[in-house]
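As a plain string of letters, each chain reads:
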Amino acid sequence: MRQKKLDLSLYLVLDPDLCGGIDGMVNTTRIAVANGVTAVQLRAEHEFTRRDWYLAALALKQVLKDTTVPLLINDQVDIALAVEADGVHVGQKDLPVDVVRKLIGADKLLGLSISNLQQINQVNWQKVDYLGIGPVFPTMTKQDAAPPLGITTLAELNQCKQCPAVAIGGINLQNAAEVMQSGSDGIAVISAICGQPNIPYATRQLYHVIEQAKQGI
Ligand code: TZP
Ligand code: MG
């Protein structure tokens, strides 16, 4: 894909259950972006109606409109188009990336989740802008998560990538540095930011670890 402006360093994936609904996601985003988050994805697993998706996406678009932080929508292509979001993120059970690309056009961002070597070998590199690789560690946040990869396998998968990749799953302040050192372009987190008692502090700490790792400190 043509290179688009995308900084995966600290990628916040929003979960209405952990953030406290739409208002909670909006507040979390506002604070997190002010403290270093570089990309935001709206994602919901249950009890989120299509109207909720739309209203949440619209509100998030508003929060991010004067920033350089892109808004991506998990799986729901029509919601992304309806609010003119910056892109879509899909998993292995969602629409294939060539179909999503056709629907969203060449200029939008498109991310794809992969969790093993077979999946990375099948990636249509012409269509995707970045990969989400995980879960790296055990996570309580995703119900149907694949078995955790661990750092060694993450590093192996990172060697196969032909586009930027963000690591996801159980990433926190303690393990963020080793995730970066395994060749990831950034980390994606839900629970390390959503629902944290001190979101500014949690975000700043993560950002600091990532920046240090990028500088090889
Ligand atoms: N995909 C793989 S693991 C995961 C997703 C959406 C959940 C990550 O959540 P957390 O709380 O950062 O472990
Ligand atoms: Mg999905």
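Residues numbered from 1 in each chain as written. Chains lettered and ligands numbered in written order. Predicted model: local features only at pLDDT ≥ 70, side-chain atom pairs only at ≥ 80, totals over all residues.

J.: Requested: an account of the environment of G216, with residues and values cited.
T.: Along the chain, G216 turns up in the segment after helix 9 (199-214). You can call G216 exposed: it has 7 C-beta atoms within 10 Å. (Helix = DSSP H or I, 4+ residues; strand = E, 2+ residues; numbered from the N terminus. Buried ≥ 20, exposed ≤ 12 C-beta atoms within 10 Å, placed from the backbone.)

J.: I'd like a description of the UniProt feature "binding site: 4-amino-2-methyl-5-(diphosphooxymethyl)pyrimidine" (unreviewed entry) in the protein, backed by residues and values.
T.: Under the UniProt annotation, "binding site: 4-amino-2-methyl-5-(diphosphooxymethyl)pyrimidine" (unreviewed entry) lies at Q41, L42, R43, A44, E45, N74, S113 and K142. As for its position among the elements, R43 is in the loop between strand 2 (39-42) and helix 3 (50-64). Mapped onto the elements of the fold, K142 is located in the loop between strand 6 (130-133) and helix 7 (150-160). Note on K142: 18 C-beta atoms within 10 Å, which makes it partly exposed. (UniProt positions renumbered as here; feature names shortened; annotations may be inferred.)

J.: Summarise the pairing of strand 1 (residues 10-14); cite the residues concerned and give the values.
T.: For strand 1, a buried count of 5 out of 5 residues is recorded, marking the element as mostly surrounded by other parts of the structure. In strand 1, alternate side chains face the same way, and those of L10, L12 and L14 on one face and Y11 and V13 on the other are all buried. Sheet analysis places strand 1 next to strand 8 (residues 186-189), joined by 3 bridges and oriented parallel. Residue L12 lies in a different strand from strand 8, and its bridge partner there is V189. Where strand 1 and strand 2 come together, 4 bridges link them in parallel fashion. Bridged to Y11 within strand 2 is A39. (Pairing = 2+ DSSP bridges.)

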